[in-house]
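What follows is each chain in one-letter form.
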Amino acid sequence: MVKEAVLIGLGGATGSILRYFTGQLISKNFPSQIPMGTLAVNLLGCLLIGILVGYFSKNQISGNEWKLLLVTGFCGGYTTFSAFAIENINLIQNQQVSQALIYIGLSIILGLLAVWLGLTVVKLFQ
């Protein structure tokens, strides 16, 4: 349990740091009205998690250490959007399209509502 936590933590810390610098680099070099840094990080993270999961599956790598370090840790620290994307792909590949659509809808709608609620709570107690 401790070994797994250390692997996830190391990967997550590295991913978080790289997320910050990637986002800053993209935002600085591609100024836009939309958050291009976040978009780039999310798309790069999705590409990377797809490559990693595909590689582990193709090569039948069953050891959990690399998955914890790179998929859960690094990709999770880089962008949780990649985890959201791979979970939905897994649902779709397992013929659970309706569950994927429900998950996507709930995540977006409830996520936005949760942010709004958090902002509202802070305003109420100022």
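All values reported here derive from a predicted model rather than from experimental measurement. (Residues numbered from 1 in each chain as written. Predicted model: local features only at pLDDT ≥ 70, side-chain atom pairs only at ≥ 80, totals over all residues. Heavy atoms only, no water.)

Q: Talk me through the packing of aromatic side chains; I want residue IDs and the actual numbers.
A: By the definition in use, this model includes five aromatic pairs. Consider the rings of phenylalanine 74 and tyrosine 78, whose centres lie 5.8 Å apart with planes at 10°: the pair is stacked. Taken as a pair, phenylalanine 74 and tyrosine 78 lie in helix α3 (residues 64–78) at a separation of four residues, close to a single helical turn. Through a chain of ring-to-ring contacts, the aromatic side chains of Phe81, Phe84 and Tyr103 assemble into a single cluster. (Phe/Tyr/Trp six-rings, centres within 6.5 Å; stacked < 30°, edge-to-face > 60°. Helix = DSSP H or I, 4+ residues; strand = E, 2+ residues; numbered from the N terminus.)

Q: Help me get a handle on the UniProt feature "binding site: Na(+)" (unreviewed entry) in the protein, residues and values and all.
A: When the UniProt feature table is mapped to this numbering, "binding site: Na(+)" (unreviewed entry) covers Gly76 and Thr79. Look at glycine 76 and you get partly exposed, because its relative accessible area is 27%. For threonine 79, the position within the fold is in the loop between α3 and α4 (80–93). Given the relative accessible area of 3%, threonine 79 is considered buried. In contact with threonine 79, other than residues within four places in its own chain, are Arg19, Val41, Asn42 and Gly45. One polar contact links threonine 79 to asparagine 42, side chain to side chain, over a distance of 2.6 Å. (UniProt positions renumbered as here; feature names shortened; annotations may be inferred. Buried < 20%, exposed > 50% of the residue type's maximum accessible area, 1.4 Å probe, protein only. Contact = heavy atoms within 4.5 Å. Polar contact = N/O pair within 3.5 Å; in protein donor to acceptor, adjacent residues only side chain to side chain.)

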